[in-house]
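Residue-level structure breakdown
Listed below, chain by chain, are the residues.
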Amino acid sequence: MKSGLIVYLVGGAELPEGFDLAGHCREMGCPADRVELVGSRQGFFEVDDAWYHLLTKGYGHIKLLVAETDQKCLRPVHPLVRLSG
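Below, the structure is looked at part by part. (Residues numbered from 1 in each chain as written. Predicted model: local features only at pLDDT ≥ 70, side-chain atom pairs only at ≥ 80, totals over all residues. Heavy atoms only, no water.)

**Some details on the overall build of the protein chain**
Selection rule: Numbering of helices and strands runs from the N terminus, with a helix taken as a DSSP run of H or I at least four residues long and a strand as a DSSP run of E at least two residues long. A contact between two residues is defined here by any heavy atoms of the two lying within 4.5 Å. Areas reported as accessible are Shrake-Rupley estimates using a 1.4 Å probe. Residue values count occlusion only from the protein chains shown. Residues counted as positive are Lys and Arg, residues counted as negative are Asp and Glu, and His and the chain ends are not counted. Charged groups are reduced to one reference atom each: NZ for lysine, CZ for arginine, CG for aspartic acid, CD for glutamic acid.
Scanning the protein chain for helices and strands turns up two helices and five strands. From first element to last, N terminus to C terminus, the protein chain shows the α and β order β-α-β-α-β-β-β. Projected onto the principal axes, the alpha-carbon positions of the protein chain cover approximately 30 × 25 × 25 Å. In the protein chain, once contacts between residues fewer than 6 apart in sequence are set aside, the share between residues at least 24 apart is 63%. Accessible surface for the protein chain amounts to roughly 5000 Å². Of this, 51% is attributable to carbon and sulfur atoms. Distance between charge centres in the protein chain, computed from 9 positive and 11 negative side chains, equals 5 Å.

Here you go:
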């Protein structure tokens, strides 16, 4: 079954242009077949929308990572949460 990861950025942060989100997630020990972003000005607006999008695309194992960024890297704010699968 395909795995998906939703990255929720806190504090209104934005990722810089060309930021390799999937690569950073793999380096942090959160590999996924597809990574979706939820932010105030980038990606999906709500976690529910990203979750539904992944489910309709056939991703059964979906996890949520709440993180903050300093424009160079991601830092988890909470442990990884399993949403489905």
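On we go.
**Thoughts on the environment of Val77**
The criterion, for reference: The cut-offs for exposure are 20% and 50% of the maximum accessible area for each residue type, with area from a 1.4 Å probe on protein chains only; residues under the lower value are buried, those over the upper are exposed, and the others partly exposed.
Mapped onto the secondary structure, Val77 falls in the loop between strand E4 (74-76) and strand E5 (81-84). Assessed through its relative accessible area of 38%, Val77 is described here as partly exposed. On a C-alpha basis, the gap between Val77 and Leu65 in space is 8.1 Å, while along the polypeptide they are twelve residues apart. Apart from residues no more than four positions distant in its own chain, Val77 is found in contact with Val10, Val66, Ala67 and Glu68.

**Overview of the state of the cysteines**
Applicable threshold: Note on terminology: disulfide denotes any pair of cysteine sulfur atoms within 2.5 Å.
Scanning all chains against the criterion turns up zero disulfides. As a non-bridged cysteine, Cys30 has Cys25 as the owner of its nearest cysteine sulfur, 6.1 Å distant. The structure places no disulfide on Cys73, whose sulfur is separated from the nearest cysteine sulfur, that of Cys25, by 12 Å.

**Considering the nonpolar core**
The cut-off we apply is this: To qualify as a nonpolar core, a set must consist of buried Ala, Val, Leu, Ile, Met, Phe, Trp, Tyr and Cys residues joined through side-chain atoms within 4.5 Å.
Judged by nonpolar contacts, the single largest core of 14 residues is most densely connected at Leu5, Val7, Leu15, Leu21, Cys25, Val35 and Leu74. For this core, the elements supplying multiple residues, two or more each, are strand E1 (2-9), helix H1 (21-27), strand E2 (34-38) and strand E3 (59-69). By residue number, the principal contributor to this core is E1, which donates three residues. Apart from residues no more than four positions distant in its own chain, Leu21 is found in contact with Val7, Leu15, Val35, Leu37 and Leu74. One finds Val38, Val47, Ile62 and Leu64 within the second-largest nonpolar core, a separate group that totals nine residues.

**Thoughts on the pattern of salt bridges**
Note that side chains of opposite charge can pair when their charged atoms are close. Spelled out, the test is: The term salt bridge refers to a side-chain nitrogen of Lys or Arg lying within 4 Å of a carboxyl oxygen of Asp or Glu.
Enumeration according to the criterion identifies three salt bridges in this entry. When the shortest N-O distance is used, the salt bridge between Glu36 and Arg34 registers 2.6 Å. According to the relative accessible area criterion, Glu36 is buried, its value standing at 11%. For Arg34, a relative accessible area of 31% gives the class partly exposed.

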